[in-house]
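The primary structure of each chain is shown beneath.
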Amino acid sequence: MDTKDLERKFHMIGGDGEKSYARNSSLQKKASDMAKHITLETLQQLYKETRPKSLGIADLGCSSGPNTLSTIKEIIKAVEVAHNNEISNQPLPELSFFLNDLPGNDFNSIFKSLPDFHTELKRDVNDGDFHSVFIAAYPGSFYGRLFPEKTIHFVYSSYSLHWLSKVPPALYDKQGKSINKGCVSICSSSPEAVSKAYNSQFKEDFSSFLRCRSKELVAAGRMVLITLGREGPAHVDRGNSFFWELLSRSIMDLVAQGETEEEKLDSYDMHFYAPSAAEVEGEVNKEGSFELESLEMLEADDEKENVDDTSYGNAVAKTVRAVQESMLVQHFGEKILDKLFDTYARMVDEELAKEDIRPITFVVVLRRKL
């Protein structure tokens, strides 16, 4: 699947139904909350340094759930605190929020929530109603240019950069068949060429992301990037890659039951890559436009036995379904999905009972060089 196909087809489940991303993104919210202090302190430091009359803030990969507007509200409050600590006798700055995701994203669900959002904002924010808050959607891939030069002060991206611009072309042989048979991503049975293909695509994409943002950010502008990653150089571990290995096993289980064909599993490849800290730092240094202010590793080590009154396996299954259903339906059809994710939830819980699963999140803070 090429970049344009993926941009059209890949999206989280929209709306607010039982299977929607809006109702199945609590795992992302917990990890983002762990990084909240880093995000807000970075923004406040930027504001202290630049004191702009108008502040441009971009949320890249905003999706469509409640996390989007809760982040905006927290940013507004953080700016208010920083403003009152520094220049309380001056008017509050205008705030422009640019919400970006792929064109298939359910932006309408965000905009339908805005009247209630503004009502809550007037109630919650002190000293005025922050009437100069502008919110707009910018559909498109963040691996290309999105905004005019030097118009953005702060970029925030949460759980988006591990999605590549496309499935690595090097995964396919001369006949167009995947070399990663039986796996939807990098797994324990993948040939070494598979890891190399994903790593190469990550380098190309992340470099492009940095290059585009370097043109759009003002001097000394900041980025806070929250992304899934891995602890060391090994591509296969009991972290983020293991969840996709279990998805592969779940599909194989359905193959064994005659619910789908093995050929469909062999030809389904995901555009996901969890980089190491060294890989992230290496690309930042190589591209050269940004200073790496910090890179922290977080591990969501809350009670995995029970998440929102359900098993951890069920919570993971609901999250993965909300993220991947748009692609799975087109490849396997809708009929197998309920059984697939019931199997997947059971496998996650069974594996967790044997040994811990430790998904890693990186919080990367970058400063645009002067």
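Residues numbered from 1 in each chain as written. Predicted model: local features only at pLDDT ≥ 70, side-chain atom pairs only at ≥ 80, totals over all residues. Heavy atoms only, no water.

Remarks on the overall build of the protein
The condition is simple: Put simply, DSSP H or I for four residues or longer makes a helix, DSSP E for two residues or longer makes a strand, and each gets a number counted from the N terminus. Here the term buried applies to any residue with accessible area under 20% of the maximum for its type, exposed to any over 50%, and partly exposed to those in between, with areas from a 1.4 Å probe on protein chains only. In this description, contact between two residues means that some pair of their heavy atoms is separated by no more than 4.5 Å. The accessible surface values rely on the Shrake-Rupley method and a 1.4 Å probe; as for residues, cover is taken only from the protein chains in view.
Looking only at helices and strands, the protein has twelve helices and seven strands in total. By residue count, 56% of the 370 residues in the protein fall in the buried class. Intrachain contacts of the protein at a sequence separation of at least 6 include 84% that bridge at least 24 residues. For the protein, the exposed area adds up to about 16300 Å²; of that, 48% sits on carbon and sulfur atoms.

Looking at the environment of R230
Our working rule: In the analysis that follows, any N or O atom pair within 3.5 Å is treated as a polar contact, provided that within protein one partner can donate a hydrogen and the other can accept it, and provided that, for residues neighboring in sequence, both atoms belong to side chains.
Its place among the elements puts R230 in the loop between β5 (217-229) and α8 (240-256). With sequence-adjacent residues up to four places away left out, R230 is seen in contact with H235, D237, Y273, A274, P275, S276, A277, E279, I360 and F362. At 3.2 Å, the side chain of R230 forms a polar contact with the side chain of Y273. Looking at R230, its side chain comes within polar contact range of the side chain of E279, at 2.9 Å.

Here we look at the nonpolar core
Definition in use: Here, nonpolar core refers to any group of buried Ala, Val, Leu, Ile, Met, Phe, Trp, Tyr and Cys residues whose side-chain atoms link them within 4.5 Å.
Ranked by size, the top nonpolar core spans 66 residues in total, and within it F97, F341 and Y344 carry the most contacts. Element by element, the count of residues in this core is highest for helix α11 (residues 312-332), at eight residues. Counting 32 residues, the second largest nonpolar core, distinct from the first, contains V155, V167, F209 and L217.

A few points about the side chain of E287
Keep this limit in mind: Positive: Lys, Arg. Negative: Asp, Glu. His and the chain ends are not part of the count. We define a salt bridge as a side-chain nitrogen of Lys or Arg found within 4 Å of a carboxyl oxygen belonging to Asp or Glu.
Tracing the backbone shows E287 in helix α10 (residues 277-287). For E287, which is buried and forms no salt bridge, the nearest opposite charge comes from R211, at a distance of 5.9 Å. A polar contact is formed between the side chain of E287 and the backbone nitrogen of S289, at a distance of 2.9 Å. In contact with E287, not counting residues within four places along its chain, are S207, L210, R211 and S214.

A few points about the side chain of S178
For S178, the position within the fold is in the loop between β4 (152-158) and α7 (192-216). A distance of 3.0 Å separates a polar side-chain atom of S178 from the backbone nitrogen of N180.

With respect to helix α3 (residues 36-50)
In plain terms, the rule: The span one expects for a helix is its residue count, reduced by one, times 1.5 Å.
Compared with an ideal rise of 1.5 Å per residue, which puts 15 residues at 21 Å, α3 spans 21 Å between its outermost C-alpha atoms and is within 8% of the ideal. Turning to α3, its buried residues number three or more, namely I38, T39, L40, T42, L43, L46 and Y47.

Brief notes about the state of the cysteines
Operational definition: By definition, disulfides here are pairs of cysteine sulfur atoms that lie within 2.5 Å.
This model, assessed by the stated rule, comprises one disulfide. Shown here is the disulfide that connects C183 with C187, its sulfur atoms set 1.8 Å apart. Its S-S torsion of about 40° marks the bond between C183 and C187 as right-handed, since a negative value means left-handed. Among the residues examined, C183 registers a relative accessible area of 2% and is labelled buried. Given the relative accessible area of 4%, C187 is considered buried.

Observations concerning the pattern of salt bridges
Tallying each qualifying case throughout the model produces 21 salt bridges. A salt bridge links E231 to R358; the shortest N-O distance between them is 2.4 Å. Within this pair, whereas E231 is found in the loop between β5 and α8, its partner R358 is found in the loop between α12 (337-354) and β7 (360-368), the two being separated by 127 residues in sequence. Classification of E231 by relative accessible area gives partly exposed; the value is 44%. A relative accessible area of 31% places R358 in the partly exposed class. The partner of D253 in a salt bridge is R346, and the shortest N-O contact between them spans 4.0 Å. With D253 in helix α8 and R346 in helix α12, this pair connects stretches of sequence that are 93 residues apart. A residue is classified by how much of its surface remains accessible, and D253, at 24% relative accessible area, is partly exposed. It is possible to trace a salt-bridge network through shared partners that takes in R238, E245, R249, E351, K354 and E355.

Some thoughts on the packing of α11 against α12
We count it as follows: The convention used is that axes are lines fitted to C-alpha atoms, helices contributing only their stretch in contact, and that angles between N-to-C directions extend from 0 to 180 degrees. In what follows, roughly perpendicular refers to angles from 65 to 115 degrees, roughly parallel to angles under 35, roughly antiparallel to angles over 145, and oblique to any angle outside these ranges. In this scheme the crossing of two helices becomes right-handed for a clockwise turn of the near helix relative to the far one and left-handed for an anticlockwise turn of less than a right angle.
For the pair α11 and α12, interaxial distance at closest approach is 9 Å and the crossing angle is 140°. By the criterion of interaxial angle, the relationship of α11 to α12 is oblique. Two packed elements cross with a definite hand, and for α11 against α12 that hand is right-handed. On α12, the residues that touch Y312, G313, N314, V316, A317, V320, R321, E325, L328 and V329 of α11 are L337, D338, L340, F341, Y344, A345, V348, D349 and L352.

Just geometry here; none of it tells us what the structure is for.
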